[in-house]
Amino acid sequence: MMNNLSKLENYIQKFGLEEVFSPEIRRFLKVKKYAKGEIIFNAYKPVLYIYFLVEGLVEINSIMISGNKLFINNLFPLELIGDLEYMNKQEAIFDVVAADNSTVILLPFDIAEKYLEDNPKFWRLLATECSKKLLRTNRAIILKGSYSLKTVLANYLIKNNYEINFTSLVDLAAHLNVSYRNLSRVIKSLSEEGIIKKQRKKIITLKKEELKNYSVNL
């Protein structure tokens, strides 16, 4: 954990957080880095901070009764983690993991309660970020429940700048909440059409316009 004042100030200016983080609050904030794969917090454990994601990529997962991992959402800068737990005074219900090397600003709950409870800019930020996450999660549910896996994969490729890096197809299938067999079949089909190419741990797009024909706008 590092408390680098210049980095903190740069992040605050970059994301326009000056009206949320007044000078009296900034001395309580921490900047923390997480390595790819590192757990930020676990489900059913107390959460002590609101995490402001300022660099990297975070993955939200849930472990089912069967033991299988259910992918919920990805978070990108600037998004908040722990905001629902702060507002509802509850434990986390999902696992939160750094999907890439990531940096967050930590705002302790007790500092938020003491200094920000009457700050309308703070509550507007929480409301806006919660709404964005809910909308994106709903879109993902609609996409996976209403469209073919070919469409799901096409949208995911487009969302990730036409390229997917993965550790294994098993992990990618779990991330997309689909079976390994069905994912392999779709990758094979799109590869035979010359639209994508699967490398060892990467899928790249060869024909962007053709891929877009399988995608949908939500």
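Look a little higher up for the structure.
All figures in this text were calculated on a predicted structure; none of them were measured in a lab. (Residues numbered from 1 in each chain as written. Predicted model: local features only at pLDDT ≥ 70, side-chain atom pairs only at ≥ 80, totals over all residues. Heavy atoms only, no water.)

Q: Would you take a moment to explain the sheet that holds strand β9 (residues 163-165) for this structure?
A: What holds strands together in a sheet is hydrogen bonding between their backbones, with the strands either parallel or antiparallel. Spatially, β9-β11-β10 is the arrangement adopted by the 3 strands of the open sheet, whose pairing is antiparallel. Looking at the sheet topology across the chains shown, the edges are occupied by β9 and β10 (196-198). Within this sheet the neighbouring strands show an average axis-to-axis angle of 10°, counted without direction. Both β9 and strand β11 (residues 202-205) contribute to a ladder of 3 bridges, which runs antiparallel. Residue pairing across strands places I164 opposite I203, the latter belonging to β11. On the sheet, helix α6 (residues 149-159) packs against β9, β10 and β11 and is oriented at approximately 90° with respect to β9. (Pairing = 2+ DSSP bridges. Helix = DSSP H or I, 4+ residues; strand = E, 2+ residues; numbered from the N terminus. Axes fitted to C-alpha atoms, helices over the stretch in contact; angles between N-to-C directions. Contact = heavy atoms within 4.5 Å.)

Q: Would you mind showing me how to read the sheet that holds strand β8 (residues 102-108) here?
A: If you walk across this open sheet you meet the 4 strands as β1-β8-β3-β6, and the pairing is antiparallel. Whereas interior strands pair on both sides, the edge strands pair on one side only; in this sheet they are β1 (30-34) and β6 (79-81). The mean angle between the axes of side-by-side strands here comes to 35°, regardless of whether they run parallel or antiparallel. Contacting β1, β3 (49-55) and β8, helix α1 (residues 5-14) runs over the sheet at an angle of about 90° to β8.

Q: It is not clear to me how the environment of K207 should be interpreted in this structure. Could you clarify?
A: Inspection of the secondary structure assignment puts K207 in the loop between β11 and α9 (208-212). Residue classification places K207 among the partly exposed residues on the basis of a relative accessible area of 35%. A C-alpha to C-alpha distance of 6.9 Å links K207 and I196, two positions 11 residues apart in sequence. Ignoring anything within four residues of it in the chain, the contact list for K207 reads E193, G194 and I195. (Buried < 20%, exposed > 50% of the residue type's maximum accessible area, 1.4 Å probe, protein only.)

Q: When you look at the pattern of salt bridges in this model, what are you seeing that I'm missing?
A: Opposite charge on two side chains permits them to pair, given that their charged atoms come into close proximity. Applying the stated criterion across every chain yields a total of 8 salt bridges. For the salt bridge of E19 with K121, the shortest nitrogen-to-oxygen distance reads 2.6 Å. In this pair, E19 is assigned in the loop between α1 and α2 (23-26) and K121 in helix α5 (residues 120-146), connecting sequence segments 102 residues apart. The shortest N-O distance in the salt bridge between E163 and K202 comes to 3.7 Å. (Salt bridge = Lys/Arg side-chain N within 4 Å of Asp/Glu carboxyl O.)

Q: Is there a simple way to explain the packing of aromatic side chains in this structure?
A: Pairs of aromatic rings are described using the distance from one ring centre to the other and the angle between the two planes. All told, the structure shown has 8 aromatic pairs when counted by the stated rule. Between F21 and F52 the ring centres are 5.0 Å apart and the planes differ by 70°, which places this aromatic pair in the edge-to-face class. Residue F21 is found in the loop between α1 and α2, and its partner F52 is found in strand β3; the two are separated by 31 residues along the sequence. Relative accessible area serves as the criterion here: at 0%, F52 is assigned to the buried category. When the centroid spacing of 6.0 Å and the interplanar angle of 75° are considered together, the rings of Y86 and F122 count as edge-to-face. In this pair, Y86 sits in helix α3 (residues 83-88) while F122 sits in helix α5, placing the two residues 36 residues apart along the sequence. The exposure classification of Y86 matches that of F122, with both residues buried. (Phe/Tyr/Trp six-rings, centres within 6.5 Å; stacked < 30°, edge-to-face > 60°.)

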